[in-house]
Amino acid sequence: GSGSGSGSTGGADFTISGGVTGLEPGLTLPVTLTLTNPNSTKIYVTHLTVSMAADSTPSGCYRDTNFTITQSDASSSDPISVPANGKVTLTSYPRAPQITFLNLPLTNQDVCKNTSLALSYSGSAHS
């Protein structure tokens, strides 16, 4: 899946982009996210959320049956610093969120092969 999103920081915006590839039943992989700060001051990202569309394209691979998402550990007490006019790429958990493709041994998951699930991102930060 891949996606994009945005967040705000007291009137100043930042963007979030990224995705994950290579998921298969039984695997947990990080969602690589790039946080881009267009502002002239450093920002501190205190919250990131990844959500997944309920159904895939083509349809049939359902989010609630096949996947779980573990969110980033970014918080007010442990923010992610993004430099002024800069970027930070999160590549591993717990800073980057992660998605688990559940292995359902009694369920044929072939409908999930070669499908795409839309991801959306949101976040909040302060300067």
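Residues numbered from 1 in each chain as written. Predicted model: local features only at pLDDT ≥ 70, side-chain atom pairs only at ≥ 80, totals over all residues. Heavy atoms only, no water.

A. Up close: the overall build of the protein chain. Helix and strand counts for the protein chain stand at 1 helix and 10 strands. Scanning the protein chain from its N terminus toward the C terminus, one meets helices and strands in the order β-β-β-β-β-α-β-β-β-β-β. Projected onto the principal axes, the alpha-carbon positions of the protein chain cover approximately 50 × 25 × 20 Å. The 127 residues of the protein chain split such that 35% are buried. Working note: accessible area of the protein chain is about 6,600 Å², and carbon and sulfur atoms make up 50% of it. Positive and negative charge centroids in the protein chain, built from 5 and 7 side chains respectively, lie 8 Å apart. (Helix = DSSP H or I, 4+ residues; strand = E, 2+ residues; numbered from the N terminus. Buried < 20%, exposed > 50% of the residue type's maximum accessible area, 1.4 Å probe, protein only. Areas by Shrake-Rupley, 256 points an atom, 1.4 Å probe, with all protein chains shown as cover. Lys, Arg positive; Asp, Glu negative; His and termini not counted. Charge placed at Lys NZ, Arg CZ, Asp CG, Glu CD.)

B. Here's a closer look at the sheet that holds strand S3 (residues 28-30). The strand order S3-S9-S6 describes an open sheet built from 3 strands, whose pairing is antiparallel. The open sheet terminates on both sides in strands that have one partner only, identified here as S3 and strand S6 (67-70). Strand-to-strand, the axes of this sheet are offset by a mean angle of 20°, without reference to chain direction. Relative to strand S9 (residues 98-101), S6 runs antiparallel, the two being bridged by 4 bridges. From the neighbouring strand, Ile-69 faces S9, where its bridge partner is Ile-99. (Pairing = 2+ DSSP bridges. Axes fitted to C-alpha atoms, helices over the stretch in contact; angles between N-to-C directions.)

C. Spatial organisation of the environment of Thr-21. The topology assignment puts Thr-21 in the loop between strand S2 (12-19) and S3. Taking the C-alpha atoms as reference points, Thr-21 and Pro-94, separated by 73 residues in sequence, lie 18 Å from one another.

D. How the structure looks around the pairing of S9. A two-sided burial pattern is seen for S9, the buried positions comprising Gln-98 and Thr-100 on one face and Ile-99 and Phe-101 on the other. By the bridge criterion, 3 bridges tie S3 to S9 in an arrangement that is antiparallel. Bridging across to S9, Leu-29 finds its partner in Ile-99.

E. Broad picture of the packing of aromatic side chains. Applying the stated criterion across every chain, the model contains 1 aromatic pair. Judged by centre distance (4.7 Å) and plane angle (35°), the rings of Phe-67 and Phe-101 are tilted. On the criterion of sequence distance, the pair formed by Phe-67 in strand S6 and Phe-101 in strand S9 is long-range, its members being 34 residues apart. In this pair, the class of Phe-67 matches that of Phe-101, namely buried. (Phe/Tyr/Trp six-rings, centres within 6.5 Å; stacked < 30°, edge-to-face > 60°.)

F. The arrangement of the nonpolar core in detail. Grouped together as the largest cluster of nonpolar side chains are 26 residues, with contacts concentrated most on Leu-35, Val-45, Leu-48, Ile-80 and Leu-119. With 5 residues, strand S5 (residues 43-52) is the largest single contributor of residues to this core. Beyond its immediate stretch of four places on either side in the chain, Leu-48 contacts Ile-16, Leu-33, Leu-35, Gln-71, Ser-72, Ile-80, Leu-90, Ser-122 and Gly-123. (Core = buried A, V, L, I, M, F, W, Y, C linked by side-chain atoms within 4.5 Å. Contact = heavy atoms within 4.5 Å.)

Functional significance is not addressed by these values, which are geometric in nature.
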